Amino acid sequence: MDSLRTFIKKINTDARDAGIGGECLADIRYDEPMSAHTTFRVGGPADVWVRPLGGALPAYASLLLDAAGKEGIKVFILGGGANILVADRGIRGIVLDTGGWKGMDRGEGVAFRSGTPVDEALEAAAAAGLGALEFLAGMPGTIGGAVWMNARCYDTSVSDVLLAVEILDEGFNRTWIPFRAEDFAYKKSPFQGRDVLILAACFALNPEPEAAIRAKMEEHHRDREAKGHYRFPSAGSAFKNNRAFGKPTGRIIDELGLKGLSRGGAAVAPWHGNIIINTGNAAAADLRVLMEEIAARVRAALGIELENEILFIGDY
Ligand SMILES: Cc1cc2nc3c(=O)[nH]c(=O)nc-3n(C[C@H](O)[C@H](O)[C@H](O)COP(=O)(O)OP(=O)(O)OC[C@H]3O[C@@H](n4cnc5c(N)ncnc54)[C@H](O)[C@@H]3O)c2cc1C
């Protein structure tokens, strides 16, 4: 841990020497409980959690990722923590939180910074009379996480409206990558196979009356409320859907009578087979064991292999 403190101190000194950041360069915490940064509200301590502030993320991340790579220190990039299950033992190395890198930039197109919470991005787009992103309304997480996951809601994927993505590439250069349909698939983006930091995304937005945009956003919010998305801490769908199964994964789990099944503080939501909830005091181990149990029961009953949508992160 001492060596990590020394490492971070050096990055901060180098950043200041390079004129990166204002008075407050980054929020830095040691042994930071990840339960405070995930929608499941579980997860043990990260050795170091760093959130660069203001406009510091691109340059700060470039210094940090370069130096960490050379020293063999692992870095996990955190968006809104809405699709991850962090281990009870936490995360070794550094968690780089994008949450300080927010906002909408209007130039030739409209780009959202990766740490912008999805609902904040939609709010800014609505206020500017720009539609197309309403399908994401009410989905927890950030723009960066939505692009990385190629999030999908109401039969629309992020890749259906994406024009270009700015990344910090493996050589620590800021690069805009034009969208290519062949790089994306259901819940798959090309960034899942690369060590890159998504910095911004540009979407195909259409001028529309603000009231019409807001009406669609509100409809989705209401629908999610009605479906119990926010009743208990969760990370959304536990398993991916698969057309080959012939029905949604939630229905498969439901038809096997697994709704309400529980392990410790983890349970299959009594109202939705594909949502695993933290009923109050779940450990990550409870949630993981329950997911493994569901997958095993589905395999045994139907010979179907479920694919996890939730990512297991950290020291399992
Ligand atoms: C109540 C609820 C409802 C949900 N409904 C849906 C839904 O309808 N559809 C759907 O698709 N998902 C849904 N989800 C899951 C989740 O909201 C999405 O997967 C979301 O896109 C995750 O974004 P995030 O910023 O939280 O990513 P995180 O969970 O923080 O990270 C996910 C992955 O993305 C990577 N990542 C994040 N940001 C960056 C970045 N800037 N650069 C590089 N890598 C990055 C992380 O390293 C990690 O591997 C739901 C979750 C909840 C809790």
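In this text, all values refer to a predicted model and were calculated from it rather than measured experimentally. (Residues numbered from 1 in each chain as written. Predicted model: local features only at pLDDT ≥ 70, side-chain atom pairs only at ≥ 80, totals over all residues.)

Some details on the overall build of the protein chain
- When you go through the protein chain residue by residue, the secondary structure sums to seven helices and 18 strands.
- On C-alpha atoms alone, the protein chain measures out to a radius of gyration of 20 Å, which is about the 20 Å that the 2.2 N^0.38 rule sets for 316 residues.
- Taking the principal axes of the C-alpha coordinates as reference, the protein chain spans close to 60 × 50 × 35 Å.
- When burial is assessed residue by residue, the protein chain has 42% of its 316 residues classed as buried.
- Considering only contacts in the protein chain between residues 6 or more positions apart, those separated by 24 or more positions represent 67%. (Helix = DSSP H or I, 4+ residues; strand = E, 2+ residues; numbered from the N terminus. Rg over C-alpha atoms; globule rule 2.2 N^0.38 Å. Buried ≥ 20, exposed ≤ 12 C-beta atoms within 10 Å, placed from the backbone. Contact = placed C-beta atoms within 7 Å.)

Examining the site of the ligand
- Taken together, 32 residues are adjacent to the ligand, and Gly-79, Gly-141, Gly-144, Gly-145 and Gly-236 come closest.
- Of all the elements in the fold, those that place two or more residues in the shell around the ligand are strand 3 (75-78), helix 4 (143-149), strand 9 (152-153) and strand 13 (197-203).
- Per element, the largest residue contribution to the shell around the ligand is five residues, and it comes from helix 4.
- Considering only residue class, the shell around the ligand consists of 17 nonpolar, 14 polar and one charged.
- Residue-level mapping places the shell around the ligand at the junction of two domains, with at least three residues from each of domain 1 (2-97) and domain 2 (104-226). (Near = placed C-beta within 6 Å. Nonpolar A, V, L, I, M, F, W, Y, C, P; charged D, E, K, R; others polar. Domains from an automatic or database assignment.)

Focus: the domain arrangement of the protein chain
- Split into domains, the protein chain comes out as domain 1 (2-97), domain 2 (104-226) and domain 3 (243-313).
- Spacing between the C-alpha centres of domain 1 and domain 3 amounts to 31 Å.
- With 12 residues of domain 1 at the contact, the number on the domain 3 side is 11 residues.
- In terms of residues, the side of domain 1 that touches domain 3 owes the most to one element, strand 4 (residues 84-86), which gives three residues.

Remarks on the nonpolar core
- If you look at the biggest cluster of nonpolar residues, it comprises 86 residues, and the most contacted ones within it are Ala-201 and Leu-287.
- Considering every element that reaches this core, the biggest residue donor is strand 13, with seven residues.
- In contact with Leu-287, other than residues within four places in its own chain, are Phe-40, Val-42, Leu-85, Ala-266, Ile-276, Asn-278 and Ala-282. (Core = buried A, V, L, I, M, F, W, Y, C linked by C-beta atoms within 7 Å.)

Quick word on the sheet that holds strand 17 (residues 276-278)
- Taken in spatial order, the three strands make up an open sheet running 15-16-17, and their pairing is antiparallel. Each edge of the open sheet is held by one strand with a lone partner, namely strand 15 (262-263) and strand 17.
- By the bridge criterion, three bridges tie strand 16 (residues 266-268) to strand 17 in an arrangement that is antiparallel. Its bridge partner being in strand 17, Ala-266 is matched across the sheet by Asn-278. (Pairing = 2+ DSSP bridges.)

Observations concerning unusual backbone geometry
- A positive phi angle is found at Ala-132, which is not glycine, with a value near 130 degrees.
- Position of Ala-132 relative to the elements: it lies in the loop between strand 8 (130-131) and helix 4.
- The phi dihedral of Tyr-154 is positive, around 50 degrees, even though this residue is not glycine.
- Residue position: Tyr-154 is located in the loop between strand 9 and strand 10 (156-157).

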